[in-house]
Amino acid sequence: MALKAAIRNLRNKPDVFFIRLPNILSFLCIIVGVVWLLLLPLNDYSRQTYISENALLPGQVHAYFTGSEQNIFRGYKKELEVLLNEGREDGVSSDEVAVTPAAHNKVQSILQATGLKVATQRYEYTSAGITHQGENIYGIIHAPRGDATEAIVLVAAWKTANDELNLKGVTLALTLARYFKRWSLWSKDIIFLFTPDSKTGTQAWIDAYHDLQPASVQPLPLKSGALQGALVVEFPFEHNFQSLHIVYDGVNGQLPNLDLFNTAVSIAGGQMGMGTNLQEMWEHDDSYQSRLKTILRGMTKQGLGYATGAHSSFMPYHIDAITLQTKGQGWEDEMALGRTIESLCRSLNNLLEHLHQSFFFYLLMQTNRFVSIGTYLPSAMLIAGNFTIMAIALWMRTGYYSDPKASAPASKPEDEKSSGSKGQSETEEKTKGNLVAERLMAMPLTLVSGLHLLGLVPLWMFNNLSHQYFSTAIYNFIVVDVLLPLLLAALLSKGLGLSKPIVPQQYLLIKSFALLLLGLSLSTLATLNFSLSFMIGLLCAPLSFVARPQGSAPVRYALSTLGLLLLNLLSPPMVLLGACWYTGVSVETVMTQAAFGWDVWGSSMF
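Residues numbered from 1 in each chain as written. Predicted model: local features only at pLDDT ≥ 70, side-chain atom pairs only at ≥ 80, totals over all residues. Heavy atoms only, no water.

**Some points on the packing of aromatic side chains**
Okay, so step 1: Evaluation of the coordinates by the stated rule reveals 20 aromatic pairs.
Okay, so step 2: Between Phe 65 and Tyr 179, the aromatic rings sit 5.2 Å apart at their centres with planes inclined by 75°, giving edge-to-face as the arrangement. Highlighted residues: Phe 65 in the loop between strand S1 (47–48) and helix H3 (68–85) and Tyr 179 in helix H5 (residues 167–181), separated in sequence by 114 residues.
Okay, so step 3: Note on Tyr 179: relative accessible area 3%, which makes it buried.
Okay, so step 4: Within the aromatic cluster, the residues linked to one another by ring pairs are Tyr 64, Phe 65, Tyr 179, Phe 180, Trp 183, Trp 186 and Phe 192.
Okay, so step 5: Between Arg 346 and the ring centre of Trp 183, over which it is positioned, the NZ or CZ distance is 5.8 Å.
Okay, so step 6: It is Arg 439 that lies over the ring of Trp 395; its NZ or CZ is 3.9 Å from the centre. (Phe/Tyr/Trp six-rings, centres within 6.5 Å; stacked < 30°, edge-to-face > 60°. Helix = DSSP H or I, 4+ residues; strand = E, 2+ residues; numbered from the N terminus. Buried < 20%, exposed > 50% of the residue type's maximum accessible area, 1.4 Å probe, protein only. Lys NZ or Arg CZ within 6 Å of the ring centre and 35° of its normal.)

**Details of H3**
Okay, so step 1: For H3, with 18 residues, the first-to-last C-alpha span of 26 Å sits near the 26 Å given by 1.5 Å per residue.
Okay, so step 2: All buried positions along H3 are accounted for by Glu 69, Gln 70, Phe 73, Tyr 76, Lys 77, Leu 80, Leu 83 and Leu 84. Take H3 and look down its axis: the buried residues cluster within an arc of 150°, on one side only. Turned more than 90 degrees off the buried face of H3, the exposed positions are Asn 71 and Lys 78.
Okay, so step 3: Of the surrounding elements, those touching the buried residues of H3 are helix H4 (101–114), H5 and helix H9 (334–349). (Expected span 1.5 Å × (residues − 1). Arc of directions from axis to C-beta. Contact = heavy atoms within 4.5 Å.)

**Considering the pattern of salt bridges**
Okay, so step 1: On inspection of all chains with the given rule, the structure shows 11 salt bridges.
Okay, so step 2: Glu 81 is the salt-bridge partner of Lys 77, the closest N and O atoms lying 2.7 Å from each other. Placement of both Lys 77 and Glu 81 in helix H3 is noted, with a separation of 4 residues, approximately one turn of the helix.
Okay, so step 3: Taking relative accessible area as the criterion, Lys 77 reaches 12% and is therefore assigned buried.
Okay, so step 4: One connected set of salt bridges, linked through shared partners, spans Glu 69, Arg 178 and Arg 182. (Salt bridge = Lys/Arg side-chain N within 4 Å of Asp/Glu carboxyl O.)

**Observations regarding the side chain of Asn 463**
Okay, so step 1: As for its position among the elements, Asn 463 is in the loop between helix H14 (456–462) and helix H15 (470–493).
Okay, so step 2: On the basis of relative accessible area, Asn 463 is assigned to the buried category, the value being 15%.
Okay, so step 3: In terms of polar contacts, Asn 463 uses its side chain to reach the backbone carbonyl oxygen of Leu 459, at 2.9 Å.
Okay, so step 4: Apart from the residues within four sequence positions on either side, Asn 463 is in contact with Ala 595, Trp 598 and Asp 599. (Polar contact = N/O pair within 3.5 Å; in protein donor to acceptor, adjacent residues only side chain to side chain.)

**Quick notes on the sheet that holds strand S10 (residues 362–366)**
Pairing between the strands of a sheet comes from backbone hydrogen bonds, and it takes one of two forms, parallel or antiparallel.
Okay, so step 1: The sheet built from 3 strands is open, its strands ordered S1-S11-S10 with antiparallel pairing. Unpaired on one side and paired on the other, S1 and S10 mark the two borders of the sheet.
Okay, so step 2: Strand direction decides the pairing type here: S1 and strand S11 (residues 369–372), joined by 2 bridges, are antiparallel. Bridge assignment links Arg 47 to a residue of S11, and that residue is Phe 370. (Pairing = 2+ DSSP bridges.)

**Some remarks on H15**
Okay, so step 1: Taking 1.5 Å as the rise per residue, H15 with 24 residues should run 34 Å; its terminal C-alpha atoms sit 35 Å apart, in good agreement.
Okay, so step 2: Of all the bends in H15, the greatest, near 25°, is centred on Leu 483, and the proline Pro 485 appears no more than four residues after it.
Okay, so step 3: Buried residues along H15 sit in contact with helix H13 (442–454), H14, helix H16 (504–528), helix H19 (572–583) and helix H20 (587–601). (Bend = angle between axes of the 7 residues up to and from the residue.)

**Concerning the pairing of strand S9 (residues 321–332)**
Okay, so step 1: Sheet topology note: the strand S6 (residues 226–234)/S9 ladder contains 5 bridges and is parallel. Among the inter-strand pairings, Ala 230 is bridged to a residue of S9, identified as Ala 321.
Okay, so step 2: Of the strand pairs in this sheet, strand S7 (residues 241–247) and S9 are connected by 6 bridges, and their pairing is antiparallel. In the sheet register, His 245 faces S9, and the bridge partner there is Gln 325.

**Brief notes about the UniProt feature "transmembrane region" (unreviewed entry) in the protein chain**
Okay, so step 1: Under the local residue numbering, the UniProt record ascribes the feature "transmembrane region" (unreviewed entry) to residues 21–42, 376–396, 440–461, 473–492, 513–545 and 557–582.
Okay, so step 2: Counted over residues 376–396, helix gives 100% and strand 0%. Its end C-alpha atoms are 32 Å apart.
Okay, so step 3: End C-alpha atoms of residues 513–545 are separated by 15 Å, and the span's content is 82% helix alongside 0% strand. (UniProt positions renumbered as here; feature names shortened; annotations may be inferred.)

**Section: the nonpolar core**
Okay, so step 1: Within the largest apolar cluster, 69 residues are counted, with the highest numbers of intra-cluster contacts made by Val 107, Trp 158, Leu 174, Phe 180, Phe 192, Phe 194 and Ile 341.
Okay, so step 2: At 9 residues, H5 tops the list of elements feeding residues into this core.
Okay, so step 3: In contact with Phe 180, other than residues within four places in its own chain, are Ile 141, Trp 186, Ile 190, Phe 192, Glu 342 and Cys 345. (Core = buried A, V, L, I, M, F, W, Y, C linked by side-chain atoms within 4.5 Å.)

**Comments concerning empty space enclosed by the protein**
Okay, so step 1: One pass over the structure, following the stated rule, counts 3 cavities of 30 Å³ or more.
Okay, so step 2: When its volume is computed, the second largest cavity comes out at roughly 80 Å³.
Okay, so step 3: Around the second largest cavity sit Tyr 248, Asp 249, Leu 255, Gln 279, Thr 294, Ile 295, Gly 298, Met 299, Gln 302, Tyr 362, Leu 363 and Leu 364, which together line it.
Okay, so step 4: When contributions to the lining of the second largest cavity are tallied by element, the ones reaching two or more residues are helix H8 (288–304) and S10.
Okay, so step 5: If one sorts the elements of the lining of the second largest cavity by residue count, H8 sits on top with 5 residues.
Okay, so step 6: Broken down by class, the residue content of the lining of the second largest cavity amounts to 7 nonpolar, 4 polar and 1 charged. (1 Å grid on protein atoms, 1.4 Å probe; cavity = no way out; pocket = protein on both sides within 12 Å on 5 of 7 lines; lining within 4 Å. Points joined across faces, edges and corners; volume = space filled by probe spheres on them. Nonpolar A, V, L, I, M, F, W, Y, C, P; charged D, E, K, R; others polar.)

Following this line, the structure appears as structure tokens:
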């Protein structure tokens, strides 16, 4: 009897059961989700990296790329330098030199003289009013011990991801092509791809390789088998380097198989004895702070979902790829990098099947330590779950009324709904406690659906405007974001042209549907792009706790103004402006890159 009385008491007091408890649970979900992420750098929650695919056998073969091959390298480099300097004006730095047609043709002639089957491909892209065009050159070494059903790609772009001249990288790839051609141990074809830059050329080539290129991109006249992996070489300076920076982030937050990254680290650090870095962490001391900073940098790049190098174009086609960037000033030369690439290609050549045994979802905190998806996923799921909890609580509130005569939620204030008349009998109280009211869902569903579909307008505009209008468009959308909610609230309270204004029940349903959709979307997104789901969840966390202020008029107005200010500061345009101000990058540059990602890379997450 005491238990039944307690349950009846909770049901007759919705302010306790349907408001306070969900708020507490939602807040705890957010706190626990953030704390969960902060615990990941600890040894108890991370794991040592290991290679799952035994066939790779990294560092188990001797690399012979040395000696006379360095003379070949120097000869090729000298020839290309002369051709590049022909089009160079006085006072122009080497990074600003455009690739001359003579240098472009020289690469083709060297590949042909080496004995490779060579082909070219022209392409053109237009994004944000800017035209990107160029011509790719690629050559194929057909495996003496293979049947042309599998291939490895080695990419050397004339311009690195940072728009630096990659002369030594291109020269090294040409030298390796000549060197690899003389070996009879290859069981997979090796494709050497030379592109004008790291942004468009590789994308045009890989799209055409799978016959998915747009009309402005030529098809490939020469192909090989299924691509098993890709390596990108960047050596943009003249002096020797100190360490290798391994870049692995892909478009839309996709990552290569962890075995490929571990193989590169094992060969470079173990066999070759050179240092390795990731996420631009040059001074990693293996402390908690360094580990956490590395994770956050990786999450930022994954969440934005843009291409971090030429290797990123391979990710949508489930081709594992990484970029090897030389960094620092030390005693490692091009021969050391060549031996590293040779050993990597030998490991990929050993594969009996596509890389699949290791992880595709992970967070790296160091070159030899990572967190798997089973460990880090709950943090994003908890934050996404807080929206679902609030949505369910709001839904339950809209179906409960204490007044049996109430036909709509606005018939009595909530304070009166939660308390019965003093003269009512016990039977009447039970009847009112069990009453289920009809929900008026047509308008809330229409409004929530319409506002989400309205998001297609800026999506279309920012992907079709010319780049010089991006800054103006962003500021205009900020004004719209501020005024549109206030205008809609005023219109809805007056009926919005309907027979009568919306009632409090419909306000709760609007919020319930919006939070439910947000929670479902973030839960799904967390399995595809954990970082983006986590960041959006944190920025949207205040939406769970938005409520009508109580108290005197001055207090209500002050709280409402403060709440509106906070929500507008967390809106996407304001977050964009804040990020641009913090990084020192112009809004036009960021939006141009976003439009380019949508038009060329197929980046949809940003």
